[in-house]
Each structure stands twice: as structure tokens, then as C-alpha cells.
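Listed below, chain by chain, are the residues.
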Amino acid sequence: MRRSARDMDKVQRVLTRRALLLGGAQAAFVGGLAMRMRYMQVDQADQFRLLAEENRINIRLIPPTRGELFDRNGAIIAQNTPSYRIVMVREDAGDVDEVIENLKRVIPLDPEELDRALAEMRRSPPFLPVTLADQISWEHISKVAVNAPALPGITPEVGLTRVYPQAGDFAHVVGYVGPVSDYDLSQIRDPEPVLRIPRFQIGKVGLEAKQEDLLRGKAGAKRVEVNANGRVMRELDRREGKPGADLQLTVDSALQSYVQARLGQESAAAVVIDCETGDLRAIASAPSFDPNLFVRGISVADYRGLTEDPYRPLANKSVQGAYPPGSTFKMITAMAALEAGITSPEETVYCPGFLEVSNRRFHCWKRGGHGHMNLEESLEQSCDVYYYDVALKVGIDKISAMAEEFGIGVRHDIPMSAVARGLAPNRDWKARVHGQDWLVGDTANASIGQGFMLASPLQLAVMTARIATGRKVEPRLVKSIDGIEQPSGAGEPMAVNQANLRRLRKGMYAVSNNRRGTAYRSRILADDNRMAGKTGTSQVRNITAAERAAGVIRNEDLPWERRDHALFVCFAPFDNPRFAVSVVVEHGGGGSTAAAPIARDILLQALYDGFPPLDAYPAKDRSRIEAQQERLRRELRPVTRPEDKDRA
């Protein structure tokens, strides 16, 4: 059946209307698209070009080269050495576990180090390289390179690592570096981006930590082209960073090594200070440890061995240890009395073996007493009663002020960890800290370096240098920074009567050179290097009246931790002091027997810049000293000085 003309016309009108609507919609769409394209390509061209560039190019940090450390003669103490390592990029590896298993068949991997690497890999972006093995041999690097097709994502690299050639000799001075931890980052208010580089190392303790800003340097940067996954395709350009500063220390490596060896297996500390400049020539704590163990992360077993050792090898006893100074403090008490005009060098005090103070007996170390003692004799024989008597007359406040004048109760400004302030107590201190009044007995105890009085071996060395020179010597550890000499610690003349200091020095000379002196057995015979010193013994336990009546138990009959600390301070030559030395031997017993021989040997080693001639020692000691020197020569670490390299 055919349609009529009217129907055909109606259909035609409907089709035309739809075509117009569809065409209009298409035109609107195309127009909108064109406008959007114009907006993006013309109006916003600069912005989108920038965004595209940022997506294509990344900025990567270049870790700076850490500054190195040298001793006063140029011998290396802490250096950066090339280190071969194996790194993995997770996104390139595919099956990480399979690749690691294949790598284990090629080279040995440390389980603890591998666990740390896997943990680091899990929290790092997949395109960042993570170190699987560090400080490996060239042989292992070669094996990895040969097996590269079976080890996707594995790359051998050459980097720098921190090495301490002198091992334990400088462990407590220099400290060590280690990877940045979350705790480290939490302690820094605005951490630099370089600190977030995986395995980036910073100073953890010691000078490495205290001089971190100088040693670290400034990071460089490089622009790299990356793909959509963040993988580096090529390097476009780079800006090198600024290496860290090189530091030259005042310490003498040869002397430091000798001091460490001479302290041996004792729990002890020793400090050698240059009287002219304040330079710390040696500053040792024993026993020590190998800081190289900490660079890559110490094992649990090694760390437990250090922390459980009763001799506390991790503690820096030379600056961190605070001990009752015992009789080495008597020069301070005497100086306070002399400066206050309370006594004179010739005035005597009678010592019957004790002094009654507030219905309590304060005993002298010599049970039968010393009889009449003047200043020089009281130092020579270390009479306690003399100092009880003058201290009660001068008072604790003047004694405390004099102690601070000579460097006790003062935190000395050297870049080492946990430098102790010590304590020079007075009335205000006890009221503030303990909420109690100062007692007369407290003054008696303080006068002989007991009670609340505390000093570190560093402070005792500073005290001795100030007595020896009459100047306010300040300790100095850093000699120069990038070749720029640092201020001297020579110090200005002290505001005390120099004649009184000369009387103290004369008493200290008698300690070491008069037959009745407590350190006579440790004297130096060389006329041009005569030593002045002072012994000290500090109690770590109370002696009861019953024990004193029955006879005080000898140190050697007590458990080690209950024995007295042994101390000795000294300087030489007497007429022109060059070096001052302090030695503390924890629970060593008597200062004259345990500490004085060590201090005398160290002082001679410093004076002669090496092993001294045997005729510097008393004749009866020479065979023993000769055997000791032979043993120590074998134990000393070799030190390469610049002149040795020139001769080679």
C-alpha cells in the first residue's frame, strides 16, 4: 500500500528536525572542545608546560663527602675509603625473594644486614636503591657482575664509608657515625632533605656528633629524566655539593695509643694537657671498643658484650666520669685558706690521727697521726687533719669558689659527648638540691675531696695545669678547621697570689721527690724533667666504727666494686711545666700504688715524645720498666706521619 503525499511530507519534516538537533549538538560539542583546547594550549600553555616538565624531570640529592679527621701531626684518625656495595631496586627486580635467593648463591649475605635492608625496602619507594651488602670485596663484585642476567634489579656500586684506622684508641674522643634513624630525625627541628637518603650516615656520639654540621658538608643535586614509574632514564645536569670540613685535632696519635695501651685492662681514664696552649695531647678511657663495629650497625651479640661489661667500655670516663677527687683536691682547700689569709705556709696543725667535729671523729688515713704539719708537709704526706682544720676556718663557700676558679664544677667547652660539670658544692647548692642546711661535717668531707665533691679526669688535668702555670688554661681539642687555626687555650694569668701557687707547687714537688712523699716510689730521676704531683684515694663505701676499731679491711680483700678509686695528678718539668696529667683508676685501691706509676709513665712518654731512657726511672724499677716497654711496643698501633710518607 502506498503512502499519501501528506504522510511523506510529515516524515520529511521529522527527519529534518532531528538532523538539525543532532547537528546542533555536534556543533556545540566541537565548539566546546575547540574552546577547551584553545584554553589549554594557548591560555594555560605556560602552566601545563611546567607541570609536564616537573613530571618528566626529578631533582635528586648528591650526598656530600664527609670531612676527615687528623691528629696534630697529620696522621689520619677518621677517613673516607671507597667501599663496594650491592644495591637492589625493587621495581626492577620483579620477584624480590627469588632474586635475593639467587644472590645468596653467588655471594654470602649477612642475615642481620639483609633483614635491615628488607625492612628499609618495604618503607621506601620502589624505585629507590637499597643496600643489601656493604664493604664487600672486589672478588664478590666480579661474581655479581658475571651473574648479572640472573640478578635483575641488582647493581654493584662504589661509595664512601667511614673508617677509623686507630680503632679503639680514639673511640671515646671521635665517636662514630651510623645511619640516620627515626629517633635522630625526631631530635632535629627542621631536618635537611639529605638526612632522608637511605643509609645516609651522621655522627652518633663523640666529636663526630658534636661537629656534625661542620663535618657533614652541603648536599649537591642532579637533574635526572625519569619515566612514568619514576625510573631514571638519564642524567641531565648536576651541581656538586660542598664537602665537609677537615678537622685537625690537638691529640697526638702516638701518645694516645701509648696511653690507651698503658691503661690496659683497667677501668680507668687519663688526660694529658699541654700547659702552654691547653691542647689535649691525649684523652683516653679504658677499656675501649672498636668504633668500626658501629658504622654499618653493630650485631646484637657484640653490643650485649659491651653493655654487660662491668668495666663499662662504652662510657667515656675521661670527661663523663665524675669522681670524688680525694686528696688531689687538697691543693684547692689550701689555696682557699691561703688566699683568705686564714693560714700561712709556715703555720702548723697538729694531727693525732683524727679531728673531733660536732661530736664526730673525722679520721686521718694514718691511724697514729702525723704530728705537727705545715702546708708543704701536709701535701707531701697527705695529712687529712690539716685540711679538716683549715677548711673549718675558711668555710665551704670560699672553697667552692676556689674550686671553680681552678676548673672544678665547670663544664669545659670541648666537642665531646656528655662532658660532666662535676660538682663544687656550697651552702646554696645543698639547700636548693637537697632542701637541707649545710653541716660542718660536710665541709670537713669536702676539704679532702669526699662527700658531695665531684670532678672528672679532664677537670683534674685542667686544675693541675692551672696550678703549674698560674694561668687560666682552657682545654682545646680542635687545633684547626680546614687549615684555619683555632683559638689557643693558654689563658690569662689567674687572679690569685702567685706566691701562694709557688708554695703549692713546692708541696707537690715534695710528694714525688722527698722520701716521705706519698708518690716517692714513682719519682722521675731525670734532673731536667723532675715531676710534681699529688696522690688521691677516694672512698666508695662508708667505714663503720666497728670496722675501724677492728682494722680497716684492705682494698685487695674487698670485692672490686667496693674498692677505693685511685687518683694521681702531676706536671713536669717542675721549673718549666710542659705537660699536666691526671689518672683515675676505678676501684684501683691507693693512688700511690695504682694511679701514680701510670701517670709517671704517661708523663715521661709525653716529655720524650716516645719511650724515655731507662735512667729516667729509679734503678730498682728499670728491669721491670724495660720489660713493660717491650710489651707496649708490641701493642701500639702503627701511626703514619707525613714525614714517614715522604721518606717512603
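The coordinates are above.
Remember, it's a predicted structure, so these values are computed and weren't measured experimentally.

The biggest cluster of nonpolar side chains holds 92 residues, and the ones touching the most others in it are Phe406 and Met463. The biggest single contributor to this core is helix H20 (residues 457–469), with eight residues. Beyond its immediate sequence surroundings of up to four residues, phenylalanine 406 is in contact with Ile332, Met335, Val462, Met463, Arg466, Ile467, Met494 and Leu501.

A word on unusual backbone geometry. A cis amide bond links alanine 286 with the next residue in sequence, proline 287, at an omega value of -5 degrees. Relative to the elements of secondary structure, proline 287 occurs in the loop between strand E12 (280–286) and helix H12 (292–295). Cis geometry marks the peptide bond from alanine 572 to proline 573, where omega comes out at -10 degrees. Of note, proline 573 is situated in the loop between strand E20 (565–572) and strand E21 (579–585). Even without a glycine there, the phi angle at alanine 167 is positive, about 50 degrees. Classification of alanine 167 as buried rests on a relative accessible area of 11%. The backbone phi angle of serine 358 is positive, close to 50 degrees, even though this residue is not glycine. Checked against the element boundaries, serine 358 lands in the loop between strand E14 (354–357) and strand E15 (360–363).

Time to look at the packing of aromatic side chains. Inspection of the entire model under this criterion finds 12 aromatic pairs. With centroids separated by 5.7 Å and ring planes inclined at 65 degrees, the aromatic side chains of phenylalanine 362 and tyrosine 388 adopt a geometry described as edge-to-face. Of the two residues, phenylalanine 362 is situated in strand E15 and tyrosine 388 in helix H16 (residues 384–394); the sequence distance between them amounts to 26 residues. Tyrosine 388 carries the same exposure label as phenylalanine 362, and that label is buried. Among the aromatic residues, those joined into a ring-pair cluster are Tyr176, Phe289, Phe294 and Tyr303. Between arginine 523 and the ring centre of tyrosine 520, over which it is positioned, the NZ or CZ distance is 3.9 Å. A cation over a ring is seen here: arginine 633 above phenylalanine 611, with NZ or CZ 4.2 Å from the ring centre.

Let us now look at the packing of helix H4 (residues 96–106) against helix H5 (residues 111–122). Orientation of H4 relative to H5, taken along the N-to-C sense of each, is 155 degrees, at an axis distance of 13 Å. One element, H4, and the other, H5, form an angle in the roughly antiparallel class. In terms of crossing hand, the pair formed by H4 and H5 is right-handed. Across from Val96, Ile100 and Lys104 in H4, the residues of H5 making contact are Leu114, Leu118 and Met121. Residues belonging to the contact of H4 with H5 are distributed by class as follows: five nonpolar, no polar and one charged.

Counted according to the given criterion, the structure contains 34 salt bridges. In this structure, arginine 216 engages glutamate 192 in a salt bridge whose closest nitrogen and oxygen atoms are separated by 3.2 Å. Note that arginine 216 is positioned in helix H10 (residues 212–216) and glutamate 192 in the loop between helix H8 (182–186) and strand E7 (201–205), a separation of 24 residues in sequence. The exposure class of arginine 216 is buried, given its relative accessible area of 8%. Arginine 631 is the partner of glutamate 635 in a salt bridge, and the nearest nitrogen-oxygen pair spans 3.1 Å. Of this pair, glutamate 635 and arginine 631 both sit in helix H24 (residues 622–635), four residues apart, roughly one helical turn. What makes arginine 631 partly exposed here is its relative accessible area of 34%. One connected set of salt bridges, linked through shared partners, spans Arg66, Arg162, Glu192, Glu208, Glu212, Arg216 and Lys218.

Definitions and limits used
- Residues numbered from 1 in each chain as written.
- Predicted model: local features only at pLDDT ≥ 70, side-chain atom pairs only at ≥ 80, totals over all residues.
- Heavy atoms only, no water.
- Core = buried A, V, L, I, M, F, W, Y, C linked by side-chain atoms within 4.5 Å.
- Buried < 20%, exposed > 50% of the residue type's maximum accessible area, 1.4 Å probe, protein only.
- Helix = DSSP H or I, 4+ residues; strand = E, 2+ residues; numbered from the N terminus.
- Contact = heavy atoms within 4.5 Å.
- Phe/Tyr/Trp six-rings, centres within 6.5 Å; stacked < 30°, edge-to-face > 60°.
- Lys NZ or Arg CZ within 6 Å of the ring centre and 35° of its normal.
- Axes fitted to C-alpha atoms, helices over the stretch in contact; angles between N-to-C directions.
- Parallel < 35°, antiparallel > 145°, perpendicular 65-115°, else oblique.
- Left-handed = near helix turned anticlockwise from the far one by under 90°.
- Nonpolar A, V, L, I, M, F, W, Y, C, P; charged D, E, K, R; others polar.
- Salt bridge = Lys/Arg side-chain N within 4 Å of Asp/Glu carboxyl O.

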